[in-house]
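Remarks on the overall topology
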Amino acid sequence: MTDNRTLYIIPARGGSKGIPRKNIKELCGRPLIHYSIDVARRLADDSHIIVSTDDDEIRQVAEQTGLPVGYRRPAELGGDKVGSREVILDAMAYADSKGLVYDKVVLLQPTSPMRTVEDVEGCLALYTADADMVVSVAEAACNPYYDCFEADGDSGYLHVSKGEGKYTRRQDAPKAWQYNGAVYVINPRSIRAMPLGEFPRRIPYEMPRSRSLDLDTPLDWVITEKLMSESNDE
């Protein structure tokens, strides 16, 4: 079933550094960006899917899926110092200029190819109009109450990031979460008012670490390709 009250944005700038040209690099025989486009197209009509790119080759590769890419991200929003908010707002402005009606925005970063349609549906099911955002998370690899430390500014000695450092077993410490980059369901009013990091009402959607890989380094790519290849062989 398609949902035409949701705007899907897939951000894909051309100047990636950690993995050059990663958005169109082939992962298990397909360009990386195709995985996110496939998920979006199972959930929405093409009219409500915006690939945000400043790169002609990425646009051409994206259109190989059959998805029209009529929007072009302004060059000034293509740098690695540009935040997600600016990219989202510009894509929303384009959608508004086309008369599209939507009450939430879903950001699907191409760097999370192991995200599933069910993950997006799970996030959407948690969303309410009085929330700022539903965001996919995984249990943090480092727990600030147990094994995450900071250096004291004067002595340089380490101290546990939160609490008094009295937990002797990780399972006794409060759980900590980290964004895994896979799914963001965003309230349009909230993103227009403030950056994502300032949202006071964020709802977590837990994903397993096995599907929470965010492709940022060549090692991430090798691990993800291995996991996906093994999954495809089953």
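Now for a description of the structure that goes with this document.

How each quantity is defined
Residues numbered from 1 in each chain as written. Predicted model: local features only at pLDDT ≥ 70, side-chain atom pairs only at ≥ 80, totals over all residues. Heavy atoms only, no water. Buried < 20%, exposed > 50% of the residue type's maximum accessible area, 1.4 Å probe, protein only. Helix = DSSP H or I, 4+ residues; strand = E, 2+ residues; numbered from the N terminus. Contact = heavy atoms within 4.5 Å. Salt bridge = Lys/Arg side-chain N within 4 Å of Asp/Glu carboxyl O. Pairing = 2+ DSSP bridges.

We now examine helix α4 (residues 117-126). The set of residues buried in α4 consists of V117, D119, V120, G122, C123 and L124. In this structure, the buried residues of α4 make contact with β1 (6-11), α1 (32-41), β5 (104-107), β6 (133-139), β9 (177-186) and β10 (202-206).

Attention now goes to the pattern of salt bridges. Here the structure, examined in full by the defined rule, presents 15 salt bridges. D46 is the salt-bridge partner of R41, the closest N and O atoms lying 3.0 Å from each other. Taking relative accessible area as the criterion, R41 reaches 30% and is therefore assigned partly exposed. One connected set of salt bridges, linked through shared partners, spans R5, D103 and K104.

The element β6 is largely enclosed, with a buried count of six among its seven residues. In terms of strand pairing, β6 meets β9 through six bridges, oriented antiparallel. Each bridged residue has a counterpart across the sheet, and for M133 the counterpart in β9 is I186.

No statement about biological role is implied by the geometric values presented.
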